[in-house]
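Observations on chain architecture
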Amino acid sequence: MLSLPVLAQVVVNGVNLGAIYILMALGFTMIFGIMRIVNFAHGAFAMLGGFALYFLLMDAHVPFLLALPLGALLVGAGSLLAERFVLRHLYHNELQGMIATLGLSMVMIYLAAIVFGVSQRSVPAVYSEIFFFGPLVVPMDRLVVLGIAAVTLLLFFLFMRYTKPGLAMRVAAQDLEVAEAQGINAAAHYQAAFFIASSLAALAGGLIGQLYALSPFMGATPLMKSFIVVILGGLGSIPGAALGGLLLGMAESSLTTFFGASTAQLASFGIVMLVLVLRPQGLFGHAERDS
Amino acid sequence: MSLLEVEGTVAAYGSIRATHGVSFSVEENEIIALVGSNGAGKSSTLKAIMGLVRLAEGSIRIDGDSVSGERPYRVVRRGVAFSPEGRRVFAATSVLENLMAGAHILPRGRAHERLDQIFSYFPRLRERSHQLAGNLSGGEQQMLAIGRALMSRPRLLLLDEPSLGLAPVIVQRIGELICEIQASENLAVVLAEQNSNWALRLATRGLVLEVGRIRMQDSAGELLRSDYVRRAYLGM
Ligand SMILES: Nc1ncnc2c1ncn2[C@@H]1O[C@H](COP(=O)(O)OP(=O)(O)OP(=O)(O)O)[C@@H](O)[C@H]1O
Ligand SMILES: [Mg+2]
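If you're wondering where the values come from, they're calculated on a predicted model, not measured in any experiment.

**Overview of the pairing of strand β11 (residues 213–219) of chain B**
Residue and element names in this part refer to chain B.
- One ladder, built from six bridges, connects strand β10 (residues 205–210) with β11; its direction is antiparallel. The residue bridging Gly206 from the neighbouring strand is Asp218, located in β11.
- Two successive antiparallel strands, β10 and β11, enclose a turn made up of two residues, where Val211 displays a positive phi of approximately 30°.

**Overview of the side chain of Glu161 of chain B**
- As for its position among the elements, Glu161 of chain B is in the loop between β8 (156–160) and α7 (168–185).
- Contact partners of Glu161 of chain B, with chain neighbours within four places excluded, come to Lys42, Glu85, Gln142, Ala192, Glu193 and Gln194 of chain B.

**Things to note about the site of ligand 1**
All names here are of chain B.
- Of all residues adjacent to ligand 1, which total 14 residues, the nearest are Asn38, Lys42, Ser43, Ser44 and Gln194.
- In the environment of ligand 1, an oxygen atom lies 2.7 Å from a nitrogen or oxygen atom belonging to the side chain of Lys42.
- Across the shell around ligand 1, the residue classes tally to four nonpolar, seven polar and three charged.

**Comments concerning the coordination of the magnesium ion (ligand 2)**
Residue and element names in this part refer to chain B.
- With distances of 1.9 to 2.1 Å, the protein atoms coordinating the magnesium ion (ligand 2) are Ser43 (OG) and Glu85 (OE). In this pair, Ser43 sits in helix α1 (residues 42–50) while Glu85 sits in the loop between β7 (80–83) and α3 (95–102), placing the two residues 42 residues apart along the sequence.
- Judged by relative accessible area, which is 17%, Ser43 ranks as buried.

**Quick notes on the interface of chain B and chain A**
- Each partner contributes residues to the interface: chain B has 26 residues there, and chain A has 20 residues.
- Taken over both partners, the interface formed by chain B and chain A buries close to 2,000 Å², and the fraction arising from carbon and sulfur atoms is 51%.
- Our enumeration of links across chain B and chain A arrives at six salt bridges.
- A salt bridge links Glu177 of chain A to Lys47 of chain B, with the shortest nitrogen-to-oxygen separation between them at 3.6 Å.
- Run the count over chain B and chain A and you get 13 residue pairs in polar contact (both at pLDDT 80 or more).
- Secondary structure elements with two or more residues in the side of chain B that touches chain A: α1, α2 (72–77) and α3 of chain B.

**Overview of the sheet that holds strand β4 (residues 31–35) of chain B**
Residue and element names in this part refer to chain B.
- Ordered in space as β7-β8-β9-β4-β10-β11, the six strands form an open sheet in which the pairing is mixed. In the strand order of this sheet, the two ends are held by β7 and β11, each with one partner. Here the average twist between neighbouring strands, direction ignored, is 15°.
- Sitting on the sheet, helix α6 (residues 138–150) touches β7 and β8, and the angle it makes with β7 is about 165°.
- α7 rests against β4, β8 and β9 (188–193) of the sheet, and its axis sits at about 140° to β4.

About the criteria used
Residues numbered from 1 in each chain as written. Chains lettered and ligands numbered in written order. Predicted model: local features only at pLDDT ≥ 70, side-chain atom pairs only at ≥ 80, totals over all residues. Heavy atoms only, no water. Pairing = 2+ DSSP bridges. Helix = DSSP H or I, 4+ residues; strand = E, 2+ residues; numbered from the N terminus. Contact = heavy atoms within 4.5 Å. Near = heavy atom within 4 Å. Polar contact = N/O pair within 3.5 Å; in protein donor to acceptor, adjacent residues only side chain to side chain. Nonpolar A, V, L, I, M, F, W, Y, C, P; charged D, E, K, R; others polar. Donors = N, O, S within 2.8 Å, 3.2 Å for Na, K, Ca; no water. Buried < 20%, exposed > 50% of the residue type's maximum accessible area, 1.4 Å probe, protein only. Buried area = accessible area lost by both parts, 1.4 Å probe. Salt bridge = Lys/Arg side-chain N within 4 Å of Asp/Glu carboxyl O. Axes fitted to C-alpha atoms, helices over the stretch in contact; angles between N-to-C directions.

Here it is in structure tokens:
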């Protein structure tokens, strides 16, 4: 059973899952790190991303590689309404932020159920080719997912690391008052961060909608995965989200292959509880300091 | 018209009033010492100028234009910079990025020019530019906090307790640097300090703040000679 082709397949699937988890978790951890909000509506933005992609493909006949980023950006733009009317009033207020975003998520899910209906749809497969690299079987759609995730992650990394708004967001996350005293307009950067985070979730939602199925409730699982990833990586840590996402993807892929899907789900939550007990700041996070 | 005019300011944290009507003005090209003991309201006064605490009463003007109640990012654009008490460098970020964050309001090209200038004042920072700010010594962090504030090319620099917790020889060095930079950039400096002796020796004028009000204001030399100041603040 433990042959090279099987192992290779485990890696391919794991990296794929990991890429989607990272896309989800980055925005989730970013909103917490910068604005101190545990955004329970993050999964609902992923769901909207799935539907946006569906309608762009099916009704507007936009080509897939354009529809995917376009759908993500549309959802990101729409998320600014939620920022304006809900989240903006809750920044740095962890408890109220959690409750309000939980409510926001319910509103979004049930509005989606009313508008889109609850019947499951799926984004049609755009790529049906299957590649054989030696013993390795790789469907084209998985390669596309991987490529898109890799490009997005690279752009995100470059943005945070090398641009002025990226630096402003990083320092505002560390000390808001002092960041504002450097001339940084915190409110504007919060808006931008929220736009980016929701767009990333929507992009992940599009990819999930393509690999699995589309429903108003589809955001729950990716939200849960974001939690696991940021608990592994440390809440608020961007490198932690990247490593945590990859770790979770690989773990699920190998456990699913060797022990079945239920065991994999069980084990990933088991690991999370273990991490929380032994290393509450996450595998890569720093201990919270009082401030 | 003065560079900065502070008139009857009451800085408030929620319903708690930290100062009770503070008035003074700062002219271009001078160093003013703002001295007073714990809780006198020095930090609150500087933060009120920056827009970092709520102004319950009074007004603040820069070049005659009101900035009362403005957000800090707008005050910075009027040429004011602030180095906070306790340094508060961005610890998880490199020295270089701390300085670049200080130049947020400048275009990239001008920020890099400015960086060279700041490194010439603080050569230690150049040597450590790729280290995390949190790993610097206390004195280096203080230099970084001042350098970061200077990056925006301010006309008015507000320094809150730059001597806090530093060894005497470092304090002396920082004093020399403040004077050197002030002179070469024609900067106005407000120096809020508990170390009254040191601050008054650097300054041209001084203000004595007591429980949220200005008790005395005079030339620094007069204050250093005054019996009251000598007894209450200089321990003589
Ligand atoms: N965040 C805050 N919330 C409530 N009250 C505050 C806050 N910060 C300061 N105060 C109060 O405002 C008053 C003035 O404090 P401030 O920090 O301005 O004094 P200071 O002269 O800077 O003192 P120190 O020399 O100790 O730094 C004090 O009574 C203090 O308790
Ligand atoms: Mg103080």
